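Chain by chain, the residues:
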Amino acid sequence: MSVLGFQIIFFSFLAFYLIATFWSARKGTSLSDFYNMSGGAGALLIGGTYTGTLLSAMGVVGCVSNGFKFGPLTGTLNFVIPSYFVAMFIGLKLRRAKGHVTLGDFFGARYGSQGLRVLSTLVTIIALGAYFLTQIIGSAAITEALLGIPYNLMVVIMVCVFTIITLSSGSKSVTITDTIMTVLIVICLALIFAPMVISKVGLGAFAAKAAEEGGFFSATGEGNAVPWGSLLGIQIMWAFGNAVQPAGLSRCYLAKDSKTWVKGLLIATFAAITVAWLVVTAGAGVSLVNPEVAPNQALVWAAMNLVNPVIGAIAIAGLFAACLSTADTQQLTLAMSVSKDLYQDIACKGKEVPERKLLLVCRICIVAFGLLGMLFALGRSDLILAIGNFGGAIFGAAYAPAVLFGVMWKRYTKEGAITSMLSGTIVTTALYLAAVFQGLPFGTTTHLPFGLHPVIYGMIVSFLSGVVVSLFTRTSPEQEAFFDEINPPKEVLQTEAKSGTIKGALAVATAGVAVLLIVNILWANVLA
């Protein structure tokens, strides 16, 4: 297929996404719709938008790159599926607070501090901004080679598409298009394209590679290139960092009820397992037939050389969808962290502000973050995984203790949360920058004692400092009342269990573990 053919198919999908966006906004949008779909999203939409938000450029480019370089298991482990269950647990509690639409609402109510709300917003902008940047870089890098369009021009096109979808009707357009794109990712990329690539490579090639006993199918990768300390850090970072990052966790405010939230997260878990295993394995397979290709272009090369051109073009549209479905949610979350948490709830506190003006301010913020992302993305960067990991590390070290202790420990205080957030951010950032001062690339995580990832040190300091300070300070009656609101009596929890919310989660989680075991046993038999 000619480059023009790839362009026609790719831009046809873009047009379809935009049509879906305009359709979702056809009846107009209220402020409540713009913020959280008025809390009316069903399980399919929750599963779709959560999966779309988590299956990012880091997942389909960064993790696949790791699979290409080190082996399929190493790459797959970067998806850290347990984070979905951590988010499920936290989201059930956050949903019980009436009228909340952002994590800033939670911080303000739980700790009774406008200062902490401002601090949480700044951390969100730094960490989520870094993550948002990876989506812009990743989407432009994916499409540049295939479409023959210069990288910088693709950056401009990508940001325009992100922004149009987000501007249209906020959470409503983002959630609907995310779900459509998730379906495309799972069916076209994971269930059709990836198996075709694996088949083309041949299971015999995988078996021959396993026979070399180089560790290609081990957790630490080919030649044990990924130290256990670094691998452990990634698991901890994403188990907590992904779980509490605002773009994903705030999806709990969209769900109709708690049962819908749980069902949606279970749908997301199965979708993520499917995509992670198949797509990363396909990327690892490319290394067996063409080890010279750039790791972050492995799937693009496979789309152009190993499968039917039409399937390849659709697969690239799926890769782009993974970036787009994450970027639009992140862009909206960043905008709301300023327009809702800073402008509406702090700068205009106690004032009557017209809904139209609040919508305008949020839309201005959406455009502003789009332009900033475009500015920082111009000029190629091969640090997609490193930048994304940095964002996840900040959330894991700075956000996780304040959120987890905030919903689990009544005695956790405002002063403890502020200390935890500041210390986690400072320590993690300093340790990341330490690699640069040692002449190592940004994102290097093996320069510290015992090869431990910076986030481990950051989280240790963050958790301990928050606990120690909380033991010497006190919570207010208002903070304790809010804690009781999101942690109701056992009778309420028993009612939830009887309704199937908790039992259903446990049943499907067990089924998910069984599926993983079966898949791994099958691979073990193939490679024996």
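Anything mentioned here points back to the structure above.
The structure presented is a predicted model; accordingly, all values stated were derived computationally and were not measured.

**Q** Help me out: how do you make sense of the overall build of the protein in this one?
**A** Each helix and strand in the protein was counted, giving 23 helices and 0 strands. When burial is assessed residue by residue, the protein has 60% of its 528 residues classed as buried.

**Q** Help me understand the packing of helix α10 (residues 171-201) against helix α14 (residues 258-289) in this model?
**A** In a packed pair of helices, the relevant descriptors are the angle between the two axes and the axis-to-axis distance. Viewed as axis vectors pointing N to C, α10 and α14 meet at an angle of 30°, and their least axial separation amounts to 9 Å. Taken together, the axis directions place α10 and α14 in an arrangement best described as roughly parallel. By crossing handedness, the relation of α10 to α14 is classed as left-handed. Of the residues in α14, those in contact with Ile185, Val186, Leu189, Ala190, Leu191, Ala194, Val197, Ile198 and Val201 of α10 are Ala271, Thr274, Val275, Leu278, Val279, Thr281, Ala282, Gly285, Val286, Leu288 and Val289. Among the residues making up the contact of α10 with α14, the classes are represented as 17 nonpolar, 3 polar and no charged.

**Q** Looking at this structure, how should I read the nonpolar core?
**A** One recurring pattern in soluble globular proteins is that nonpolar side chains are buried together. Counting residues in each nonpolar core, the largest one holds 135 residues, and the members touching the most others are Leu94, Phe107, Phe193, Val197, Trp261, Tyr399 and Met421. Per-element accounting of this core gives the leading share, 15 residues, to helix α8 (residues 114-147). Residues within four places of Leu94 in sequence aside, it is in contact with Leu103, Phe106, Leu249, Cys252, Tyr253 and Val407. Core analysis: the second largest hydrophobic core is formed by 14 residues, Leu31, Val174, Ala335 and Val361 among them.

**Q** What's the story with the packing of α14 against helix α15 (residues 298-305) in this structure? I'm lost.
**A** The interhelical angle for the contact between α14 and α15, taken along N-to-C directions, is 75°, at an axis separation of 9 Å. Comparing their axes, α15 and α14 come out roughly perpendicular. When α14 is examined against α15, the residues Val279, Ala282, Gly283, Val286 and Val289 are found in contact with a partner set consisting of Ala298, Leu299, Trp301 and Ala302. Taken together, the residues of the contact of α14 with α15 break down into 8 nonpolar, 1 polar and no charged.

**Q** Looking at this structure, how should I read the state of the cysteines?
**A** Here a disulfide denotes a covalent bond joining the sulfur atom of one cysteine to the sulfur atom of another. Inspection of every chain in the model, using the stated rule, returns 0 disulfides. The closest cysteine sulfur to the non-disulfide-bonded Cys365 is located on Cys362, 6.4 Å from its own sulfur. You can call Cys365 buried: its relative accessible area is 12%.

**Q** Which parts of the structure should I look at to understand the pattern of salt bridges?
**A** Tallying each qualifying case throughout the model produces 7 salt bridges. Lys410 is the salt-bridge partner of Asp484, the closest N and O atoms lying 3.1 Å from each other. Within this pair, whereas Asp484 is found in helix α21 (residues 477-486), its partner Lys410 is found in the loop between α18 (384-408) and α19 (414-437), the two being separated by 74 residues in sequence. Linked by salt bridges that have partners in common, Asp105, Arg117, Lys340, Asp341 and Asp345 make up one network.

**Q** In this structure, what is going on with the packing of aromatic side chains? I would like to understand it.
**A** Two numbers describe a pair of aromatic rings. These are the distance of the centres and the angle of the planes. In total, this model carries 17 aromatic pairs according to the counting rule given. Plain terms: the ring middles of Phe107 and Tyr399 are 5.3 Å apart, the flat faces sit at 85° to each other, and that makes the pair edge-to-face. On the criterion of sequence distance, the pair formed by Phe107 in helix α7 (residues 103-111) and Tyr399 in helix α18 is long-range, its members being 292 residues apart. Assigned by exposure class, Phe107 and Tyr399 land together as buried. Between Tyr111 and Tyr412 the ring centres are 6.2 Å apart and the planes differ by 65°, which places this aromatic pair in the edge-to-face class. Note that Tyr111 is positioned in helix α7 and Tyr412 in the loop between α18 and α19, a separation of 301 residues in sequence. Judged on exposure class, the residue Tyr111 and its partner Tyr412 are both buried. Three or more aromatic residues joined by ring pairs make a cluster, and in this case those are Phe106, Phe107, Tyr111, Tyr399, Phe405, Trp409, Tyr412, Phe463 and Phe482.

**Q** When you look at the environment of Gly248 in this model, what are you seeing that I'm missing?
**A** Secondary-structure assignment places Gly248 in helix α13 (residues 246-249). Of the residues examined, Gly248 reaches a relative accessible area of 0% and is grouped as buried. Between the C-alpha atom of Gly248 and that of Ala87, which follows or precedes it by 161 residues, the distance is 8.3 Å. When sequence neighbours within four positions are dropped, the list of residues in contact with Gly248 reads Tyr50, Thr53, Leu54 and Trp261.

**Q** Quick question: what am I supposed to make of the environment of Ser168 here?
**A** Within the secondary structure, Ser168 is located in helix α9 (residues 151-169). For Ser168, a relative accessible area of 16% translates into the label buried. When the C-alpha positions of Ser168 and Phe34 are compared, they lie 9.0 Å apart, and in sequence the two are 134 residues distant. Apart from residues no more than four positions distant in its own chain, Ser168 is found in contact with Thr21, Phe22, Ala25, Thr29, Ser173 and Arg363. Within the local environment of Ser168, its side chain forms a polar contact with the backbone oxygen of Thr21, the two atoms lying 3.5 Å apart.

**Q** Quick question: what am I supposed to make of the side chain of Thr329 here?
**A** Along the chain, Thr329 turns up in helix α16 (residues 309-347). Within the local environment of Thr329, its side chain forms a polar contact with the side chain of Asp178, the two groups lying 2.8 Å apart.

**Q** Please explain the environment of Val197 as it appears in this structure.
**A** Assignment of secondary structure puts Val197 in helix α10. Of the residues examined, Val197 reaches a relative accessible area of 0% and is grouped as buried. Here the alpha-carbon distance between Val197 and Ala302, two residues 105 residues apart in the chain, equals 6.9 Å. Excluding anything up to four places from it in sequence, Val197 contacts Ala282, Val286, Ala302, Leu306 and Val307.

**Q** Is there a simple way to think about unusual backbone geometry in this case?
**A** With the exception of glycine, most residues fall at negative phi, and the peptide bonds are largely trans. Backbone geometry at Met37 places phi at a positive 55°, although glycine is not the residue there. Checked against the element boundaries, Met37 lands in the loop between α2 (31-36) and α3 (43-54). You will see that Ser38, though not glycine, has its phi angle at about 55°, which is positive. Note that Ser38 resides in the loop between α2 and α3. What makes Ser38 partly exposed here is its relative accessible area of 42%.

Rules used in this analysis
The residue numbering used here restarts from 1 in each chain and proceeds along that chain's sequence as written. Reporting of local features is limited, given that this is a predicted model, to residues whose pLDDT is at least 70; pairs of side-chain atoms are given and counted only at 80 or more, and all residues count toward the totals for whole chains, interfaces and linings. To obtain the side-chain values, all non-hydrogen atoms of the structure were included, while hydrogens and water were left out. Starting at the N terminus, helices and strands are each numbered in turn, a helix being any DSSP run of H or I of at least four residues and a strand any DSSP run of E of at least two. Note on exposure labels: buried denotes an accessible area under 20% of the residue type's maximum, exposed denotes more than 50%, and partly exposed covers the range between, all computed with a 1.4 Å probe on protein chains only. Orientation is described by lines fitted to C-alpha atoms, with helices fitted over the stretch in contact, and by angles between N-to-C directions that extend from 0 to 180 degrees. Working definition: roughly parallel below 35 degrees, roughly antiparallel above 145 degrees, roughly perpendicular at 65 to 115 degrees, and oblique for all remaining angles. Crossing handedness is read from the near helix: turned anticlockwise from the far helix by less than a right angle, it gives a left-handed crossing, and turned clockwise, a right-handed one. Any pair of residues with heavy atoms lying within 4.5 Å of one another is described as a contacting pair. In this count, Pro and Cys sit with the nonpolar residues alongside Ala, Val, Leu, Ile, Met, Phe, Trp and Tyr, while Asp, Glu, Lys and Arg are called charged and the others, Gly among them, polar. Working definition of a nonpolar core: buried Ala, Val, Leu, Ile, Met, Phe, Trp, Tyr and Cys residues. They are joined through side-chain atoms within 4.5 Å. In this description, a disulfide is simply a cysteine sulfur pair whose atoms lie within 2.5 Å. Salt bridges are counted wherever a side-chain nitrogen of Lys or Arg sits within 4 Å of a carboxyl oxygen of Asp or Glu. Side-chain rings of Phe, Tyr and Trp, where Trp is taken by its six-membered ring, are said to pair if the distance between their centres is within 6.5 Å; with planes under 30 degrees apart they count as stacked, over 60 as edge-to-face, and otherwise as tilted. For this analysis, a polar contact is any N or O atom pair within 3.5 Å, provided that within protein one partner can donate a hydrogen and the other can accept it, and provided that sequence-adjacent residues contribute only side-chain to side-chain pairs.

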